[in-house]
Every structure is written in structure tokens, then in C-alpha cells.
Amino acid sequence: MVAMDDEHVGARLRRWRHRRGLSQRVLAELAGFSQGYIAQIERGSTPLDRYASQEAIARALQISVRELTGRENVPARYQPVDDASVAVLRSGIIALSYPQLVVVVDDDPGSRPHTPTAEQLDQHFYACRYDVLVPALGSALTRLAYRLHACADDEKRRLLREAVEICSTAASTCMQLGYPDLALTVAELAARTAREHGDPRSLGLANYARLRAVASEPGAIHVAREGVELLSAHVGTSVTAASTYGMHHLVSAWIVAGTGQRAKAFAHLDEAKRVAAYTGECPEGNFNFGPTNVDIWRVAILVALEEGSAAKAPTAAAGLESMSRHRRATYFIDLARALLQGRGSESAAAAALYQAEAIAPQQVSVYDGGRAAARELLSRPRFGRDGRLRGLAKRLGVLD
């Protein structure tokens, strides 16, 4: 006879699986188990008593072990990336910085583990699967270090461009996860590699990585100006260059908005809008840049100006649906914060925050704006005791 607690865990597992929109088969693949095992846990015929199994299933569901089991003696906060994965990433950054330290025991191509491409890493980033992305970035950087150290001259230029792209993704990832020191280190590595590559698009991309790493620091606007000056002559020659140029203006708008410079913020926003009219929507790459993304950034800029109550939904709903999970989830988090800058829109703000978690749980867990919105909602009448909100706040580490 199975204990009631195991039946309870099975019910919780089923509820979270349905909430994440996963079949038993897909959940089993993500957690590394058989579909039959998941089905047995849900029925209550098999106990889920091993912590390693609890952790694997919770990670696949993108929740904490406490959220899965209901037990109070385990951490409540959901941590999408563990220390071991960050260590792999750190090792990759060191390897690319000092390639002479890299040792490859067997260089037989058939024996190598699969190393993801820059495009595949970007897909993980845009899907907000940081648990998959972080160790993959570390492996990719380590492999690049070896290849750059050992490659022929005719291959080196292509590898340098790939290194700039992967370092840029790594810098953005480190900032999302709260590792600004690693972000700055890998951004400077991107800049060094871009100078060796010599192409203005690579230099612009590397400068954007630097800008993301220092955006919250005094004087960051000077880094933004360097990128704008570097890329301005190339806007009409390449969508990649134009998108990177436009992103420099969007980040510039956010920076000056934070210091109350409204006119300058909207001047940068208008320039980004002008460039977006040239590039069109870029949902599969180039930072998701385009008219819809400019609308999304407008919400964040209004929040920085403390004018969030003036925020509106993107003008093209279809454009929002074509955006990556990363951009859509970030938009709904910023929309929640915007709504909370006024009064009487708490229910809409909560709905936006829940929508963000439904789209990309890991983005809500790592983005400071998600925690800020949850804290503010908890302080409002009627919401401090709301069970669903308190559950989300525990997953975000806002409540114990």
C-alpha cells in the first residue's frame, strides 16, 4: 500500500505537468526517465522518494523540489542553473582567454561530444532554457579555444566570428543570471576577438556585449555611443549591423530613462523605430529586433521613467506572438511592473506575471523585474494572502 504522501506528490506532479503543457512522454525525456515511471508516480503506485529523482523531475518542470513535493524541509526557490553548470561556463571563459591551457585528449572527430553551434546556443537563450544553455556555452567556448589554437589560417576568420557570437550570448546570459563579473570578462573577450576579426559587424556585436555588461554602471552611455558611431555607416548594408545599431539605441534609451532624461530616451527610441522600419521583424535572430521589439522596449523605458501607467500593448499582436519566449516573457514582466506604477490594475498585473511564467518560467526566476513585481503585488491589499501569488513568490525567492 502506497503512502498518502506519494499520492499527493503524484497529484502535484500531474498538475504541474499540465500547467507546463507537457505530455508524460516529453516530461520523461526531459527528466531522463521512462514514460511508465512518470505515469506510475502520477497514479501513486510508485513512490518518488529519492531526492535525485525529485530534483530531476522538478528541474524538467522548471520548479523547485518543494513545489513538486510540498515538503517544507527543502528549498522553496527554483534555481534553474546549479553551481556545477556555472563552473563549466567559467572554465570555458578561461579556456578561450588562455587557449594554451586547453588539453584535448582525443581529437578524433568521431569521438567528440556534440558541440552546439552559435545558432543553437541562441535558440536556447531565446527559449530561456538557461539550465541547458549555461553548460553548453562552457563546452562551446572550450572547444572554440582548442580549434582557434590549432586551426589553419583559412579557417581562423570564420572561427573568430563564431567566437564573437558565442561570447556575446554568454555575456547576455551571465547578466540575466546575476554574474556581472563573468559578463564583463566574456564581453571584453568578445571585444578582443572582434578586433582580431576586424569586421565592423563583429566589432559592433562585441560592443553590444560590453554595453549589456555595464548598462547599469555610471558612464555606460559612453560605451553605447562607441557602438552607435561604429555601426552607423553600415546600417544600410546589413540587417545584422542595422539590428545591432538599433539595439544600441534601445539600451541607450533605457539608460538615460533611468536618470530621468525623458527627451533623450524618446529620441533614442525614435531612432530605433526608424531602423526597425528598415529591418522589418527579425523573430529568428538579430536580437528579435524589429517594430514589435521596439514596442516591447517602450514599456521597459516607461517603467524606468516611472510612467508605466502610459504603457500599451504592442500595436501588432501577431508580431508579439512571433517573438521568442525570452522577449514575450520579459514583455509581460515589464507590463506587470508598468501596471503596478498606477493603482487599480493589480489583477491585470498579476495576470501578466502569471502569463510570463507560463511562457518562460526560467526567465521569471532570473529576471530582477519579476521579483520586483511579485514584491510589489504582495504589498497591495488583497494580494498579500493570495495563494497563487505566494506560490510564485516562493519560487522566485521573494518568500521563504
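Our structure is the block above this text.
Residues numbered from 1 in each chain as written. Predicted model: local features only at pLDDT ≥ 70, side-chain atom pairs only at ≥ 80, totals over all residues. Heavy atoms only, no water.

Chemist: Quick question: what am I supposed to make of the overall build of the protein chain here?
Modeler: Looking only at helices and strands, the protein chain has 21 helices and zero strands in total. For 400 residues, the compact-globule estimate of 2.2 N^0.38 gives 21 Å, and the C-alpha radius of gyration of the protein chain, at 22 Å, lies within 12% of that figure. By residue count, 52% of the 400 residues in the protein chain fall in the buried class. Sequence-distant contacts, at least 24 apart, represent 64% of the contacts inside the protein chain between residues at least 6 apart. Of the roughly 18100 Å² that the protein chain leaves accessible, carbon and sulfur atoms contribute 51%. Computed over 48 positive and 44 negative side-chain charges, the inter-centroid distance for the protein chain is 5 Å. (Helix = DSSP H or I, 4+ residues; strand = E, 2+ residues; numbered from the N terminus. Rg over C-alpha atoms; globule rule 2.2 N^0.38 Å. Buried < 20%, exposed > 50% of the residue type's maximum accessible area, 1.4 Å probe, protein only. Contact = heavy atoms within 4.5 Å. Areas by Shrake-Rupley, 256 points an atom, 1.4 Å probe, with all protein chains shown as cover. Lys, Arg positive; Asp, Glu negative; His and termini not counted. Charge placed at Lys NZ, Arg CZ, Asp CG, Glu CD.)

Chemist: Even after reading the chapter, I still don't get the packing of aromatic side chains, so can you show me in this structure?
Modeler: What describes a pair of aromatic rings is the distance from one ring centre to the other and the angle between the planes of the rings. A full pass over the atoms with the stated rule returns five aromatic pairs. For the ring pair phenylalanine 125 and tyrosine 130, a centre distance of 6.3 Å and an interplane angle of 80° mean the geometry is edge-to-face. The same class applies to phenylalanine 125 as to tyrosine 130, namely buried. Through successive ring pairs, a cluster of aromatic residues spans Phe125, Tyr126 and Tyr130. Lying across the ring of tryptophan 16, arginine 19 places its NZ or CZ 4.4 Å from the centre. In this arrangement the basic side chain of arginine 388 is found over the ring face of tyrosine 354, its NZ or CZ atom lying 3.9 Å from the centre. (Phe/Tyr/Trp six-rings, centres within 6.5 Å; stacked < 30°, edge-to-face > 60°. Lys NZ or Arg CZ within 6 Å of the ring centre and 35° of its normal.)

Chemist: Can you help me understand helix H2 (residues 24–31) in this one?
Modeler: A turn of α-helix holds 3.6 residues, and therefore any two residues three or four places apart point the same way. Those residues of H2 lying buried are Leu27, Ala28 and Ala31. Taken down its axis, H2 places every buried residue within 100° of arc, on the same side. (Arc of directions from axis to C-beta.)

Chemist: Can you walk me through the nonpolar core in this structure?
Modeler: What tends to happen in soluble globular proteins is that the nonpolar side chains get buried as a cluster. In terms of nonpolar packing, the biggest core is built from 112 residues, with Leu96, Tyr130, Ile166, Leu250, Ile301, Phe332 and Leu353 touching the most fellow members. In contact with tyrosine 130, not counting residues within four places along its chain, are Val81, Phe125, Pro135, Thr173, Gln176, Leu177, His326, Gln362, Gln363 and Val366. Counting residues in hydrophobic clusters, the runner-up holds 18 residues, among them Ala28, Ala31, Ala58 and Leu61. (Core = buried A, V, L, I, M, F, W, Y, C linked by side-chain atoms within 4.5 Å.)

Chemist: Please clarify how helix H17 (residues 325–339) should be interpreted in this entry.
Modeler: Over its 15 residues, H17 extends 21 Å from the first C-alpha to the last, a length consistent with the 21 Å expected when each residue adds 1.5 Å. The element H17 is extensively covered by neighbouring structure, given that 12 of its 15 residues are classed as buried. Every buried residue of H17 is accounted for by His326, Arg327, Arg328, Ala329, Thr330, Tyr331, Phe332, Ile333, Asp334, Leu335, Ala336 and Ala338. (Expected span 1.5 Å × (residues − 1).)

Chemist: Can you walk me through the environment of arginine 43 in this structure?
Modeler: Here arginine 43 shows up in helix H3 (residues 35–43). Between the C-alpha atom of arginine 43 and that of serine 238, which follows or precedes it by 195 residues, the distance is 56 Å.

Chemist: So what exactly am I meant to see when it comes to the packing of helix H6 (residues 83–97) against helix H10 (residues 180–197) here?
Modeler: Two measures define how a pair of helices packs: the angle their axes make with one another and the distance between the axes. Running from N to C, H6 and H10 point in directions that differ by 30°, and their axes come no closer than 11 Å. When the interaxial angle is binned, H6 and H10 end up roughly parallel. Here H6 runs over H10; the crossing is left-handed. Here H6 contributes Val86, Arg90, Ile93, Leu96 and Ser97 to the contact with H10, which in turn contributes Leu182, Thr185, Val186, Leu189 and Arg192. Across the contact of H6 with H10, the residue classes tally to six nonpolar, two polar and two charged. (Axes fitted to C-alpha atoms, helices over the stretch in contact; angles between N-to-C directions. Parallel < 35°, antiparallel > 145°, perpendicular 65-115°, else oblique. Left-handed = near helix turned anticlockwise from the far one by under 90°. Nonpolar A, V, L, I, M, F, W, Y, C, P; charged D, E, K, R; others polar.)

Chemist: Is there a simple way to think about unusual backbone geometry in this case?
Modeler: Across residues other than glycine, the phi torsion is negative in most instances, and most of the peptide bonds are trans. Unlike most non-glycine residues, glutamine 62 shows phi in positive territory, near 60°. Unusually for a residue other than glycine, cysteine 128 sits at a positive phi of about 60°. Mapped onto the secondary structure, cysteine 128 falls in the loop between helix H7 (118–126) and helix H8 (130–150).

Chemist: Got a minute to help me understand the packing of H8 against helix H9 (residues 153–177) in this structure?
Modeler: Viewed as axis vectors pointing N to C, H8 and H9 meet at an angle of 150°, and their least axial separation amounts to 10 Å. On the basis of their axis angle, the class for H8 and H9 is roughly antiparallel. The hand of the H8/H9 crossing is left-handed. Across the contact of H8 with H9, the residue classes break down as 15 nonpolar, three polar and five charged.

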